[in-house]
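Examination of the molecular architecture
If you want the building blocks of each chain, they are given just below.
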Amino acid sequence: MEEVIVATDTTSYPVYIGKGLLRDAAAMLRNVLNGRSKALIVTDETVAPLYGDDLLKSLEVVIPVAMHIVPAGESSKSMAVYEQVLTACMKEGLDRKSIIIALGGGVIGDLAGFAAATYMRGIPFVQVPTTLLAQDSSVGGKTGINHELGKNLIGAFHQPEAVLYDTETLSSLPDKEWRSGFAEMVKHAYIKDPEFLAWLKENVHSEADIKKDHIRGFLKRSISIKADIVKQDEKESGVRAFLNFGHTLGHALEKITGYGELTHGEAVACGMIFAMRVSNELSLSSWDIAEEASWLQALGYPVDAADRFTADELITIMKHDKKANAGDITFVLLREVGQPFLQTVEERLLHSLLTQAGWGDKA
Ligand SMILES: NC(=O)c1ccc[n+]([C@@H]2O[C@H](COP(=O)([O-])OP(=O)(O)OC[C@H]3O[C@@H](n4cnc5c(N)ncnc54)[C@H](O)[C@@H]3O)[C@@H](O)[C@H]2O)c1
């Protein structure tokens, strides 16, 4: 088992990474569960039949446990499902000494974490991630749900008490979810770690390579990058914003395609390539866009532009993104690997760059 400690100004917690941790959950979480009145596992209908029982059986030896199951997928990050989770907390009699356990991918972590942040003004929670993408989402304490006007617009910072990452759960992950999670790993490498990026480019050439064991071996490195950034800037008043590399266009693409057609990571991959284009256009870098795009394309990312939307439609969505400031659209750009910076991009320029890149080219 490996361990990363996430230390912020306000708290510190362990991320345990290893095979089979789920079955030992009670022992691994002993300190966290000690003195708690009840645990509510929040999970989705895909993950529940795969791993719900293992977790429930392990925990019920040490604490009364109930389970609440929501539909799988991004649509569960909604007001309606959030309300249902809070209702389950009440019906199961959770009090301020209770704890929520988020068992699933980033959707469950964000949703259950937000419920924990707000139920009775905040109760503790634990992240038990089951997707590759959750190596990013389960660490750092950002929780929240979507609004029809934009993604993650309603939320809270609420750090988990611990993260229990059983890498065995990744075995059942569909290919597109591996690809989704790998994009966030690539993002960590681009913004912080040239050596890591070089290794990924050298060793990952196909979709099959993403699923090889070596990727599990790199979880610690990827999580450590995130932990380091969160340590410096827990509430995103500075360097933490760099984690949004690829997300300005990425979030807009997820929204415009109706959440689900493109996975989060696929949209972020498109957004990273576009952000490199913007960096080049502002004469701040000299990325070989064709080379960067062809690597990601070979891994199955749809980074070639689609012509189903207009640039205006994408820009309207980007203006509602929470990273926008008074309507100004801010991008995380990259001078070179490991050198991200924030830049407001003027709407007219953005329009022309989106059109040049082929995004927003609908006739
Ligand atoms: N809070 C953060 O810091 C942060 C960071 C990045 C992304 N996110 C959020 O994370 C979400 C995306 O997370 P995700 O990609 O994990 O999505 P997800 O939770 O929807 O999981 C993807 C799909 O895989 C299924 N699944 C999960 N684990 C499985 C397993 N082990 N085997 C088989 N199927 C499994 C789920 O049921 C779902 O259908 C987005 O909402 C994004 O905004 C949050």
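Counting of residues starts from 1 at the beginning of each chain's written sequence and follows it residue by residue. Only residues with pLDDT of 70 or above have their local features reported here, since the model is predicted, and side-chain atom pairs are shown and tallied only from 80 upward, although totals for entire chains, interfaces and linings are computed over all residues. Working from all heavy atoms in the structure, the side-chain values ignore hydrogens and water.

Counting its regular elements, the protein chain contains 16 helices and eleven strands. A radius of gyration in this sense is built from C-alpha atoms; the matching globule rule multiplies 2.2 Å by the number of residues raised to 0.38. Relative to the compact-globule value of 21 Å for 363 residues, the protein chain shows a C-alpha radius of gyration of 20 Å, a close match. In terms of overall dimensions, the protein chain has C-alpha extents of about 60 × 40 × 35 Å along its principal axes. In the protein chain, which comprises 363 residues, the proportion classed as buried is 58%. Note on definitions: a residue-residue contact is assigned when non-hydrogen atoms from the two residues lie within 4.5 Å. Taking the contacts inside the protein chain whose residues are at least 6 apart along the sequence as the reference set, 75% of them involve residues at least 24 apart. Accessible area of the protein chain: about 14,600 Å², with a carbon and sulfur share of 48%. By the counting scheme adopted, Arg and Lys are positive, Glu and Asp are negative, and His together with the chain ends is not counted. To locate a charge, the coordinates of NZ of Lys, CZ of Arg, CG of Asp or CD of Glu are taken. Within the protein chain, one finds 36 positive and 49 negative side-chain charges whose respective centroids are separated by 5 Å. Here a strand is any run of E in DSSP of at least two residues, a helix any run of H or I of at least four, and the numbering for each starts at the N terminus. Accessibility here uses a 1.4 Å probe with only protein chains present; expressed as a share of the type maximum, an area under 20% marks a residue as buried, one over 50% as exposed, and anything in between as partly exposed. Accessibility throughout is a Shrake-Rupley quantity obtained with a 1.4 Å probe, and a residue counts as covered only by protein chains that appear here.

With that settled, the discussion passes to the site of the ligand. The full set close to the ligand counts 29 residues, and Asp44, Glu74, Gly106, Thr131 and Ser172 are the nearest of them. Contact between the ligand and Val107: an oxygen atom at 3.1 Å from a main-chain N or O atom of the residue. At a separation of 3.4 Å, an oxygen atom of the ligand approaches a polar side-chain atom of Lys226. When isolated, the ligand has an accessible area of 860 Å², and the protein chains bury 91% of it. Each residue is assigned to one of three groups, with Ala, Val, Leu, Ile, Met, Phe, Trp, Tyr, Cys and Pro labelled nonpolar, Asp, Glu, Lys and Arg labelled charged, and all others, Gly among them, labelled polar. Across the shell around the ligand, the residue classes tally to eight nonpolar, eleven polar and ten charged. Note that the domain bounds reflect an automated or database-derived domain assignment. Looking at which domains feed residues into the shell around the ligand, each of domain 1 (2-171) and domain 2 (175-357) supplies at least three. Each residue is tested against the molecule or strand, and it is near if at least one of its non-hydrogen atoms lies within 4 Å. As used in this structure description, the phrase polar contact means that two N or O atoms lie within 3.5 Å; if the pair is within protein, one of them must be able to donate a hydrogen and the other to accept it, and residues adjacent in sequence are counted only when both atoms belong to side chains.

Here the focus is the domain arrangement of the protein chain. You can read the domains of the protein chain as domain 1 (2-171) and domain 2 (175-357). The interface of domain 1 with domain 2 comprises 33 residues on the first partner and 33 residues on the second. Summed over both sides, the interface of domain 1 with domain 2 buries roughly 3,000 Å², with 62% coming from carbon and sulfur. Here, a salt bridge means any side-chain nitrogen of Lys or Arg that lies within 4 Å of a carboxyl oxygen of Asp or Glu. Inspection of the region where domain 1 meets domain 2 yields four salt bridges. The partner of Lys226 in a salt bridge is Asp136, with the nearest N and O atoms 2.7 Å apart. Summed over both partners, buried area is the accessible surface (1.4 Å probe) that two parts give up on being assembled.

This part takes up helix α13 (residues 264-281). Here the expected length of a helix is defined as 1.5 Å per residue gap, with one fewer gap than residues. In a regular helix each residue adds 1.5 Å, so 18 residues correspond to 26 Å; α13 covers 25 Å between its end C-alpha atoms and thus fits that length. Counting buried residues in α13 gives 15 out of 18 residues, a clear majority hidden from the surface. Count one or two residues on from α13 and you reach Ser283, which has phi positive near 55°.

We now examine the side chain of Asp44. Inspection of the secondary structure assignment puts Asp44 in strand β3 (residues 39-44). There is no salt bridge for the buried Asp44, and the closest opposite charge comes from Lys176, which lies 11 Å off by N-O distance. There is a polar contact of 2.9 Å between the side chain of Asp44 and the backbone nitrogen of Thr46. In terms of polar contacts, Asp44 uses its side chain to reach the backbone amide nitrogen of Val47, at 2.8 Å. Sequence-distant contacts of Asp44, that is, excluding residues within four places in its chain, are made with Pro49, Ile69, Val70, Pro71, Ala72, Leu103 and Ile108.

Here the focus is the packing of helix α12 (residues 247-256) against α13. In the contact formed by α12 and α13, the axes pass within 7 Å of each other and the chain directions differ by 135°. The angle between α12 and α13 falls in the class oblique. Remark: the crossing between α12 and α13 carries right-handed chirality. Residues His247, Leu249, Gly250, His251, Leu253 and Glu254 of α12 form the contact with α13, whose own contacting residues are His264, Ala267, Val268, Cys270, Gly271 and Phe274. In terms of residue class, the contact of α12 with α13 is built from six nonpolar, five polar and one charged. Only the stretch in contact is used when fitting a helix axis, every axis being a line fitted to C-alpha atoms; angles between N-to-C directions are given from 0 to 180 degrees. Here the word oblique covers every angle except those under 35 degrees (roughly parallel), over 145 (roughly antiparallel) and from 65 to 115 (roughly perpendicular). If you view the pair so one helix is near and one far, a crossing is left-handed when the near helix is turned anticlockwise from the far one by less than a right angle, and right-handed when it is turned clockwise.

Right, let's talk about the packing of aromatic side chains for a bit. Each Phe, Tyr or Trp ring, with Trp reduced to its six-membered ring, pairs with another whose centre is within 6.5 Å; inter-plane angles below 30 degrees give stacked pairs, above 60 give edge-to-face pairs, and intermediate values give tilted ones. According to the stated counting rule, one finds seven aromatic pairs in the structure shown. Geometrically, the ring pair formed by Tyr190 and Phe245 is edge-to-face, given 6.0 Å between the ring centres and 70° between the ring planes. You can see Tyr190 sitting in helix α7 (residues 175-192) and its partner Phe245 sitting in the loop between α11 (219-232) and α12, a full 55 residues away along the chain. We note that Tyr190, like Phe245, is buried.

Attention shifts here to the pattern of salt bridges. Following the criterion strictly, the structure yields 24 salt bridges and no others. Lys142 serves as the salt-bridge partner of Glu236, at 2.4 Å between the closest nitrogen and oxygen. You can see Glu236 sitting in the loop between α11 and α12 and its partner Lys142 sitting in strand β7 (residues 142-147), a full 94 residues away along the chain. The exposure class assigned to Glu236 is partly exposed, which follows from its relative accessible area of 25%. For Glu184, the salt bridge identified is with Lys187, shortest N-O distance 2.8 Å. Pair noted here: Glu184 and Lys187 are both in helix α7, with a separation of three residues, about one helical turn. Using a relative accessible area of 1% as the deciding quantity, one classes Lys187 as buried. If you follow the salt bridges from partner to partner, you end up with Glu74, Lys77, Asp110, Lys151 and Glu254 in one network.

This part covers empty space enclosed by the protein. Of the two site types, the cavity is a set of points on a 1 Å grid over the protein atoms alone where a 1.4 Å probe fits but cannot get out, and the pocket is an open set with protein on both sides within 12 Å along at least five of seven lines, each lined by residues with an atom within 4 Å of a point. Grid points are joined across faces, edges and corners, and a volume is the space filled by probe spheres set on the points. This structure, assessed with the given rule, holds two cavities of 30 Å³ or more. Counted as a void, the largest cavity has a volume near 70 Å³. If you trace the largest cavity, you find it lined by Leu149, Gly150, Lys151, Thr248, His251, Ala252, Lys255, Tyr259, Ile317, Met318, His320 and Asp321. Built from parts of two domains, the lining of the largest cavity gets at least three residues from each of domain 1 (2-171) and domain 2 (175-357). Lining the second largest cavity, in full, are Asp175, Trp178, Arg179, Glu207, Ile210 and Lys211. Elements with a contribution of two residues or more to the lining of the second largest cavity: α7 and α9 (207-210). No other element matches the three residues that α7 contributes to the lining of the second largest cavity. Of the residues contributing to the lining of the second largest cavity, the split by class is two nonpolar, no polar and four charged.

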